[in-house]
Amino acid sequence: MATATSSSSASPILCASFNQDKSCFSIGTKDGFKIFDARSGRLCYERVVGAFSIVEMLFSSSLLAIVGAGEQPSLSPRRLCLFNTVTGTALRELNYLTSILAIRINWKRLIVILQDKTYIYDLNSLAILDTIDTVPNNKGLCAFSPSSEGCYLALPASTTKGSVLVYNTLELQSLCQIDAHRSPLAAIVFSSNGMYLATASEQGTIIRVHLVSQATKSYSFRRGTYPSTIYSLSFGPSAELPDILVATSSSGSLHVFFLGPLINQRRRPNTLLGSMIPDSVNDAFEHPHHHVLHNAVPASVKSYVTIYKIDNVPSVSTVSAFRASIFIITYDGNFREYTLNVAKLNESSWSLEREFNVLETISDNPY
């Protein structure tokens, strides 16, 4: 699960994230935080007590990891609160010397990202298992696999180029370092099982998908010719091979990259699942593996995208037809659901299914 954060002066939303199975999402504002059912848009929980810069869910459980934005003395950006939405009380608080920039969580691990340190906790006991000294990570950039088996953490390994450190949080050791881009990283995300890692640099022209087990770049996709800030990346929810990868950028476009046909075509015979021929640096797939919905969201407004589900559709084509439901939260306060229909590899259509303002939605029982 990925999270995007924003300064209060630039946006009414300070943070936004989907839970690990994409069924719910949370937002933090200057007034408090809200939890929504992503499928229905229903506001499930609201707490109006001050500004929050981080609100992370643990699947659909009652546990939240929340961090204040520092606008009230009681909501320090250096204090992590594990909060129970059923009782409305704090279960545990953890304090740090510097501001918390990101939190990641699954059923086994709690990850706390500071500017130059990352703490790994056992979720059940909250014992510190390891502390990783990192390069300066001012944006709190990280990726964490929601899977309890492929429990991988990805962190920037350089401030001058797009290198990624992949760390196994179960075995508590570095797995590999991937030199993904020439310029620093802007976005990273794992597939649901942790097998693949997608990366984008600050240039934003090329998005790469890496096979984690081999620490080599496996596929490159050209987003565009001109630089653009990649705000978020999301794999399809498949538990095995990811079907598609989506990205939102500062241009306001929604990009979809088809992974399934490429993975199936280029898997080497008689080898393990992930043994694929890596691309050269300049070998970037374009159309028909890349589809774009222009003006999906306002340009230059930070956005956070996820693929909720993919349904297969009967087709006479050699390429499987499918329908994908894509959710986007924009930091001007809107939620959008798009449906992507793909009949053939080079034929697709889009439809906006629903849109609502998350800031205006009122809970029946605010706390």
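Residues numbered from 1 in each chain as written. Predicted model: local features only at pLDDT ≥ 70, side-chain atom pairs only at ≥ 80, totals over all residues. Heavy atoms only, no water.

In the nomenclature of an unreviewed UniProt entry, the protein chain is known as Autophagy-related protein 18b of Cocos nucifera. As stated in UniProt under Sequence similarities (unreviewed entry), the record for the protein chain gives "Belongs to the WD repeat PROPPIN family." The heading Subcellular location (unreviewed entry) in the UniProt record of the protein chain holds the text "Preautophagosomal structure membrane". (UniProt positions renumbered as here; feature names shortened; annotations may be inferred.)

With that out of the way, let us pick up the pairing of strand β27 (residues 321-330). Of all 10 residues in β27, 9 are buried, a share of seventy percent or more. Note: β27 against strand β28 (residues 334-344), 9 bridges, orientation antiparallel. Residue pairing across strands places I328 opposite R336, the latter belonging to β28. Counting the residues that bridge the hairpin from β27 to β28 gives 3 residues, and of these G333 lies at a positive phi of roughly 105 degrees. (Buried < 20%, exposed > 50% of the residue type's maximum accessible area, 1.4 Å probe, protein only. Helix = DSSP H or I, 4+ residues; strand = E, 2+ residues; numbered from the N terminus. Pairing = 2+ DSSP bridges.)

Any two side chains of opposite charge can pair, on the condition that their charged atoms come close. Evaluation of the coordinates by the stated rule reveals 10 salt bridges. As a salt-bridge pair, R104 and E56 come within 3.6 Å of each other at their nearest N and O atoms. In this pair, R104 is assigned in strand β10 (residues 102-105) and E56 in strand β6 (residues 52-57), connecting sequence segments 48 residues apart. What makes R104 buried here is its relative accessible area of 4%. With relative accessibility at 1%, the residue E56 sits in the buried group. (Salt bridge = Lys/Arg side-chain N within 4 Å of Asp/Glu carboxyl O.)

Before going further, it helps to examine the sheet that holds strand β17 (residues 173-181). Judged by pairing direction, the sheet is antiparallel, and its 4 strands sit side by side in the order β14-β15-β16-β17 without closing on themselves. Each end of this open sheet is capped by a strand with a single partner; those strands are β14 (143-144) and β17.

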